[in-house]
Amino acid sequence: MDTRNDIALAISAATGMDAAELLSYIEIPPDSSMGDYAFPCFRLAKAMRKAPAAIAAELKDKLALPACITRAEVAGGYLNFFEDRAGAAAATIMRVLNEGENYGHSSEGQGKNVCVEFSSINIAKPFHIGHLPSTAIGNSLNRIYKALGYNTIAINHLGDWGTQFGKMIVAYKKWGGGKPIEESTVRELVKLYVRFHEEAEKDESLNDEARAWFRKIEQGDAEAVDLWQRMKTLTLKEVGEVYKLLGVEFDSYNGESFYEDKMQAVIDELDAKGLLKTDKGAKIVDLSEYNMPPCIIVKSDGATLYATRDLAAAIYRKNTYDFVKSIYVVAYQQNLHFQQLKKILELMGFEWAKDIIHVPFGLVSLEEGTMSTREGRVVFLEDVLNRAIDETRDIIKEKGVATDNIEETAKQVGIGAVVFNELSNNRIKDYVFSWKKVLDFNGETGPYVQYTYARAASILRNAGEELTAKAASGKVDPKYITSPSAYELAKLIYKFPQVVVEAGEKYEPSIVTRHIVDLAQSFNRFYHDEHILVDNEEEKVAKLALVIAAKTAIKNGLALLGMQAPERM
């Protein structure tokens, strides 16, 4: 049931105007006492050459009201529509009950592929709090596009190439103490990396050694490649545990090294299409015509760059997955890089260059300043998650929360707090990482939403299996759920699928986050204002059906953020 669409069609029939255009004008009044939907008639004033109030009065007389609307009223230049609340609530509840865990999902992307590149960690370097935005936003977008029916390909574009691996090998061989890489940790490798930079400041020749070792990797030297691969295996094993905690999975770990043998074809194609120029020995694409600096493809010493690999990666992904969108969740500092990437692909004649989507986000810094692996100033993401779990476990024990499994609940709520905190603001904002804020379980937080879900589960348990089953059948009398708090809750549940679509269109998971906070707050108002487990069984069953619908919508929203919904909390 789409009430807005029905109103637009009715106005279209009365005016002859395009229904799709009229639909875009329909608003939700700030106060439901003014109506459930409003049409601003000043939009028609120019075409109809009448005052908006006169148009509203005329429309009211001419309009054949849709079945879902009980009445229309003129208010100044607006025509306000009042919905059949009982019918709307009943239809919403029935849809949620029928669709269950698929409520909010659609088939708009059926048969279409979307690539989502996110997290993209560096080998032998810390998986730190600065990686959380890309990881959480990317994971959520991947889930949102799946919910919209697309076949998604989650890609972790590993930073597994470059001179830093020469530095790592030099440091390991000089100061690693002969300990096998497999028995080390990434943190120990990071310490070696920090030490390399400290020693290189005193002895410049170390940088020459590092470059020599990386050349050996490029040339396929057995020892160099073996050490590099073992560092890669160790890193992926460790970060795999963090991804498991976060519920993040990837379809591809093809990183920079994967594209080494695919770049020459791209360079040759750029040359053949007359796009390459030589400037001081380097090969560049001149983008001055498009108000961008030149993009270096091959340096004067013959080395390729990140841009070269990204061009190869984009072409490979199009050829392999035939995507309709290729989304890159990368910090806004790379805005220029992606503008150049899209423009070069366009100049190469690829019409799909328009489908390259850069989803930027703000930077995370520490209260003591920006993070730096070289200086050893980082906060490991694993430490953040574990501390959140520990703090949550303490709170559960302190408050005597009745839960079947304290450890599992502490994980769900602690990790949820970190993820929700990351996804609660507009993604483009910079922010300073604060333990206090992440672990604050009051206010508009992940634990608040999860607690609301657990409260709904508790109500259903107290009602008993028989009445809950009756409510779940959807055969209820909706007259019992037309109070202001019940109707507002039903409206927010009804809006959830539209919210998922909007979050996908705007690449903005915080739209889902904000909506499920609104849902949780609305549910708690309903819980506070209404006595749910009343003596009248018909009334009780109707209200329980609304509880089930709200619980389902909240759980589905949390799932899109990559969060769990605990039954007891």
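Residues numbered from 1 in each chain as written. Predicted model: local features only at pLDDT ≥ 70, side-chain atom pairs only at ≥ 80, totals over all residues. Heavy atoms only, no water.

Some thoughts on the nonpolar core
Membership of the largest hydrophobic core comes to 125 residues, with the highest contact counts inside it found for I129, M231, I327, V329, L381, I493 and L546. The element contributing the most residues to this core is helix 21 (residues 537–561), with 14 residues. With residues near it in sequence (within four places) discarded, I327 still touches V114, C115, V116, E117, L141, Y145, I357, V359 and Y507. C115, V266, F350 and A353 belong to the second-largest nonpolar core, a separate cluster that totals 35 residues. (Core = buried A, V, L, I, M, F, W, Y, C linked by side-chain atoms within 4.5 Å. Buried < 20%, exposed > 50% of the residue type's maximum accessible area, 1.4 Å probe, protein only. Helix = DSSP H or I, 4+ residues; strand = E, 2+ residues; numbered from the N terminus. Contact = heavy atoms within 4.5 Å.)

Some details on the packing of helix 11 (residues 263–272) against helix 12 (residues 306–321)
Relative orientation of the contacting elements helix 11 and helix 12 amounts to 95°, with a least axis distance of 9 Å. What the angle tells us is that helix 11 and helix 12 run roughly perpendicular. Between helix 11 and helix 12, the residues in contact are M263, V266, I267 and L270 and T308, R309, L311, A312 and I315, respectively. Looking at the contact of helix 11 with helix 12, its residues break down into seven nonpolar, one polar and one charged. (Axes fitted to C-alpha atoms, helices over the stretch in contact; angles between N-to-C directions. Parallel < 35°, antiparallel > 145°, perpendicular 65-115°, else oblique. Nonpolar A, V, L, I, M, F, W, Y, C, P; charged D, E, K, R; others polar.)

What to know about the pattern of salt bridges
Within this structure, the stated rule accounts for 35 salt bridges. As a salt-bridge pair, D261 and K262 come within 3.0 Å of each other at their nearest N and O atoms. Among the ionic pairs, E537 bridges to K470, the shortest N-O distance being 2.6 Å. Pair noted here: E537 is in helix 21 and K470 is in helix 18 (residues 465–473), with a separation of 67 residues, a long-range link. Here E537 falls in the partly exposed class, since its relative accessible area comes to 39%. On the basis of relative accessibility, which here comes to 36%, the residue K470 falls in the partly exposed class. A single network of salt bridges, built from pairs that share partners, joins E182, D226 and R230. (Salt bridge = Lys/Arg side-chain N within 4 Å of Asp/Glu carboxyl O.)

What about the sheet that holds strand 3 (residues 78–83)?
Picture the strands of a sheet paired through backbone hydrogen bonds; they go either parallel or antiparallel. If you trace the three strands from one edge of the open sheet to the other, you get 1-3-2, paired in antiparallel fashion. The open sheet has two free edges, formed respectively by strand 1 (37–40) and strand 2 (69–75), since each of these has just one partner strand. Mean inter-strand twist for the sheet, computed between neighbouring axes without regard to direction, equals 20°. In terms of strand pairing, strand 1 meets strand 3 through four bridges, oriented antiparallel. Along strand 3, the bridge assignment pairs F39 with L79. In the packing of helix 1 (residues 3–15) onto the sheet, the strands contacted are strand 1, strand 2 and strand 3, and the crossing angle to strand 1 comes to about 35°. (Pairing = 2+ DSSP bridges.)

So, the sheet that holds strand 8 (residues 295–298)
A sheet is described by the order of its strands in space; here three strands give the open sequence 6-7-8, paired in antiparallel fashion. The open sheet has two edge strands, strand 6 (277–279) and strand 8, and neither has a second partner. Sheet twist, expressed as the average angle between the axes of neighbouring strands with direction ignored, equals 50°. Bridge count between strand 7 (residues 282–285) and strand 8: three bridges; the pairing is antiparallel. The partner of I284 across the bridge, within strand 8, is I296.

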